[in-house]
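Secondary and tertiary structure notes
If you want the building blocks of each chain, they are given just below.
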Amino acid sequence: MPTAVLDLEFEHLPAAIAVPGHYDHALILVRVYGQPVGQALLPVIGGQLGSELRDRLLEAAGWNLWQRWLHNYLEWEQVPATDSPAPAATIAICTRDRPEDLARCLEALMRLPDDGQEIMVVDNCPSTEATRHLVEGYTRVRYVREERPGLDVARNRALREARREIVAFTDDDAVPDPGWLRALLRNFDDPLVLCVTGLTMPLELETSAQEWFEQYSSFSRGFRRTVFDEANTNVLTAGQAGAGVNMALRHSVVECVGSFDEALDAGTPTHSGGDTEMFSRILARGYRIVYDPAALNWHRHRRTWEELRQTLYGYGTGVYALWTRKFLFERELTIPRLAWGWFWHTQLPRLLHALLRRPGHMPLDLALAELRGCLRGPTAYLSARA
Amino acid sequence: MAMKVLELDLSEPSGPVWGLEGYTTLSILVRYRERPVGWAYVSNLQQPFVLPEQLVDAISTQLGSQLVPIVLGEQLVNEAAGQVAAMPVSVVVCTRDRADQLADCLRALLALDYPDYEVVVVDNASRSDDTARLVADLPVRYVREERPGLDWARNRGIAEARHDIVAFTDDDVRPDRHWLSAIARAFAASEVMAVTGFVAPAELETSAQMTFEFGYGGMSHGFRRRVIRRDSLTTRELLWACAFGTGTNMAFRRQVFAHVGPFDVALDVGTPSGGGGDVEMFHRLLARGHTLVYEPAALVWHVHRRDAASLRQLVYNNGRSFGTYLLTCARNRTVSRSALVRFAVCEWIGWWLWRRLWRPGSFPRRLVGVELTGALSSLLAYRAAQARARELAADRDHRLPIMGAHQQTTETSPTRVRPRGLVMPQKH
Amino acid sequence: MHDELAMDISVIIPTHDRSTPLRRTLDALGAQSYPLRRIEVVVVADGCTDGTADMLRHYTAPYALRVIEQPCQGAGGARNHGAAQATGRLLLFQDDDMEPVPSLIQAHVQAHRRWPGSVIIGASPPVLPEGSSLFLLDLRRWWEDQFHEMGRPDHRYTYRDLLTGNLSIEAGLFARTGGFDISLPCREDYEFGMRLVKAGIRLAFAADAVSHHHETADLDRSFRRVRQEGCADVLIGRRYPELRYALPLASLEMPGSRLSRVLRAYAFQRPGIGDGLAATLRSTLNLLERTHLRGRWRRLCSTLRDYWYWRGVADVLGSRRALAGFLQGGPVHVDDGAHEIEIDLHEGLEAAERRLDEERPACVRIRYGKQPIGRIPPTPGAERLRGAHLRPGLARQLATPLLIALAMEAAQGERLWP
């Protein structure tokens, strides 16, 4: 059941919206004065969105919407615009053998307002020259080639090569919104903030694999701006602070906290977890991470079922690899309790619901894939680290 | 102890409210541009009047957070209220021996702010001819249905109605001026097949009325507009069909009866089952995949039963009719038997009735017991009702409400004429 | 920058047994962009025994350097002494563990030009040593939050914003206010701030007047200091009764964990046992930190800090009954009824802000037409309201009633200004 993805501004809500025929639901992102405030899922009846559109969007946005409206009415910002100029940024895209996705991403980046940012593509262990040829077609984009495989390896290379103070990362299969970069940079005026993450919405939900991904492993962390630091967050569950598909780091993160762990994330046996590990380390050293939903980008989830299974397997591996690192090398003794808690409260009920075929259950093969990944995680990390 | 019931529209200027001798509290239905927002309660402190400042103060304190999305939402969206083309509507009022109350109802109906509608009074086996005499001088149509039973009367009303939208209301009800325009607006979307509305108490003078309204929940279903479709409902929600509306205030597109069939004549007031015809229709309609909209702007004022004995009877009938409704669902196989049995035992008897017997809240325990008694009698009542309906169907065969005779084809659903106008228990 | 307009600056540094960091401070002052011949540095050696005086005698500075030695009197007394001896028109107080950036004095001078007659507080971001403990991380977070908050243009200054580590004030003004109160064991800066706020003297934050603070605090020293803060709070509360219920000692009856209640009782009745228990728990803190049980560490640290605070209070007042009597003596809610104005938002936000800037009330009642919205209540120890405080007050505390009033107004047919 494909779902259309729409982006609507509440002030200019049309009375009726026609949706192409093959969709039976629509996921609508609601904005107020340009800022995302909520999302709602509505059925599509006869090519039109249901008549309850406005009511549902109002409900979905909730108090967020009225707060934003009031701040606009009072002409007051929660994050004040400072006199000092916004820092300059390097946008880094780490890619491997996905030239079509990368082309779409670069096109979107070209449409960002020019604030003096630098755009850099880190081509990670490519098998063809397609990416290089693609990037040569863009004069504003720098091409860097990193031969060692690994997403974190590429990220570290980006940090080394960047010439500006802030490095903003986005994935090659993501499409940033025009206001993305400015929203990220606005949050860096607090000197304790080392990382800013943003909201990631799905670019399309055409296949069932994409819909399941959005349901079980979504990148979205909600619509409220949140500041995470070690006093109010459990350092070991830093994944709630954001995702690597949409993040910006201060260049000084390497000196303050260290670089990305090259044994983690895509391209290594652990498949994921590099971003979460960096967030966790940032928090543990006393710095802050800001999640700002105004920094919006759109991610194209994997389309096939096989890739979805791989992704969930990789997610399980990454989480356990991260925990292995924390437990064995950083003496975080609360890891076993955390792992048990996750299993008992989330993974086991999901598995049972899938076995009993309760309505709305997660497909059994996905639940098992994640568990298999978890089992493989520790050994994968140790072998990657060796 | 009586409460004075009023309505107040915020977009109109208000003056002081007089005539409050003998009342201790005002119960105000606050509306914004015809849309009800909520109830506000103001104490008049033994004075015979209340000042507008007190009203505004109470409204902003009690209903402030509901008002913000409704009012400011409209400011934000800046939409021009689309002028909906006024579809012609047939209003059907089924009545039996209640000429005085019917007079009030008709007076309100004839004063509706709507350009194109007709009123059909279906006199259901009245013993006297007061109704006929009342209606004779009024510009309404009069039809007599001899077979006793509210659903027989409703089906007759559908057959007699000339227009595509058929709206039903009861004789002890005073519809609001904008009732039909709200219903027509709800029908603007072509997928909508049924619309139910808000039922507010017209008066809260006696303790029986207050028990019914506050202890039992009255007949209203909230202030939130809802669009209800089968695929967004669980089986449990589908079976609690009394949450979708009430027969006192409902409207349908005529073509839906061709698809799902008419009202089930073994149910509702006037038959041994005592009620449930409306609930069963909502359930059947949704189970077949149609869309129902609960539109609180379609507002009517209902005079609740004033004395305690009638309240007891009403509660008893509620219990009994819900049971017969569930048995009808079982017969029609709209949901699986196992789900139905689980619902009946755990949800209805267990959670709704038995649990409230121990923790009745503000509703008297005695009345919960009465409802439980009614529930337990529903099996026999169902049998009796079925037998009676068969009798009636076989007895007279003039003007059987077979769908198709007055059917007008529309583009959204195919015209399917099935001889399901009869109540014969059939195997589907 | 023209020399004629330059002021003579006296930098006053009280020091006590920190000759190496002091040297760093003096070196950094030698690198100032401000003309060095206009700078005088007065170092007050407050009972130093580590050879600071010697070091100073042999120190060659590119600016005028004066050394005053005095027996141990405390930082407040040292500053007063230094200020009395200083000759500059503008006094700049620095601590001996500060490392100013080259533009520090320039920034202070410019701030004084921008806000004449005010007291300028500069930023002193902490520099932590390697391998920081949880305590130091919390400390840094506290400082950075403080500066970030003060850097907002709509910040409402309170007496707690006065930080003497990087502070500049005109010499005449300092003399008129009487300087720091030396009878307080600590928190003489808060007391000074209270006097400034009550006199209506403006406090301002200059974000570019940066002086790095090389933090050397540790947990035990902080516990000792918290005890002194307990004493000082009682003394401040005696002098300013309206502050009593704003101080932490008003939370005597607040519920807490069983451990904190037990410790609180011991602090007053059996300090000996309490001290022993606190020492044991202190060693547990190390264990918690090593095993990364951060949440528990934080809770236990907070409980211990409370214990030492109550010990300090008990040192002055003696018993719980005395504390209760002390609290009885001040108003629970300060109602500066004399200066409260009413604002109607119907007249527009700009007009309301102008009125606040002109009248500078202590508190304000806000209406929207005929509907009351709320009040920005009087806060003891905070500066009087200015126009810039209106919008954040509405957006933060009065958001719901304002939205409801706007909705009621819109419902009754008035078109809202966009």
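The shown structure was predicted, so the numbers you read here are calculated from the model rather than taken from an experiment. (Residues numbered from 1 in each chain as written. Chains lettered and ligands numbered in written order. Predicted model: local features only at pLDDT ≥ 70, side-chain atom pairs only at ≥ 80, totals over all residues.)

**Here's the deal with the sheet that holds strand 2 (residues 25-32) of chain A**
Residues and elements named next belong to chain A. Here is the rule we go by: At least two bridges found by DSSP between two strands is the condition for calling them paired. A helix here means a DSSP run of H or I that spans at least four residues, while a strand means a run of E at least two residues long, and both kinds are numbered starting from the N terminus.
The four strands are arranged 1-2-3-4 in an open sheet whose pairing can be described as mixed. Strands at the two margins of the open sheet, each flanked by one partner only, are strand 1 (3-9) and strand 4 (48-49). Two elements, strand 1 and strand 2, share seven bridges in a ladder whose sense is parallel. Each bridged residue has a counterpart across the sheet, and for Leu8 the counterpart in strand 2 is Val30.

**Regarding the pairing of strand 4 (residues 90-94) of chain C**
Residues and elements named next belong to chain C. The condition that has to hold: A residue is called partly exposed when the number of other C-beta atoms within 10 Å of its own lies between 12 and 20, exposed at 12 or fewer, and buried at 20 or more, with C-beta atoms placed from the backbone.
Counting buried positions along strand 4 yields five of five residues, so the element is predominantly enclosed. A two-sided burial pattern is seen for strand 4, the buried positions comprising Leu90, Leu92 and Gln94 on one face and Leu91 and Phe93 on the other. Both strand 1 (residues 9-15) and strand 4 contribute to a ladder of four bridges, which runs parallel. Within the sheet, the bridge partner assigned to Ile12 lies in strand 4 and is Phe93. The sheet contact formed by strand 4 and strand 8 (residues 166-170) spans five bridges and is antiparallel. Looking at strand 8, one finds that Leu92 is bridged to Ser168.

**Details of the domain arrangement of chain B**
Residues and elements named next belong to chain B. The following threshold applies: As annotated, the domain borders come from an automatic or database domain assignment. Any two residues are considered in contact once their C-beta atoms, placed from the backbone, lie within 7 Å. Classes in brief: Ala, Val, Leu, Ile, Met, Phe, Trp, Tyr, Cys and Pro nonpolar; Asp, Glu, Lys and Arg charged; the others, Gly included, polar.
For chain B, the domain assignment lists domain 1 (3-77) and domain 2 (89-388). Inter-centroid distance (C-alpha atoms) of domain 1 to domain 2 is 28 Å. Taken together, the contact between domain 1 and domain 2 spans nine residues of the former and twelve residues of the latter. Looking at the side of domain 1 that touches domain 2, the elements with two or more residues in it are strand 1 (3-9), strand 2 (25-32) and strand 3 (35-43). Partitioning the side of domain 1 that touches domain 2 into residue classes produces five nonpolar, two polar and two charged.

**Observations concerning the domain arrangement of chain A**
All names here are of chain A. Segmenting chain A into domains produces domain 1 (3-74), domain 2 (89-299) and domain 3 (312-385). Each of domain 1 and domain 2 has a C-alpha centre, and these two points are 27 Å apart. Taken together, the contact pairs ten residues of domain 1 with 13 residues of domain 2. The greatest single-element share of the side of domain 1 that touches domain 2, amounting to four residues, is contributed by strand 3 (residues 35-45). A class-by-class count of the residues in the side of domain 1 that touches domain 2 yields five nonpolar, five polar and no charged.

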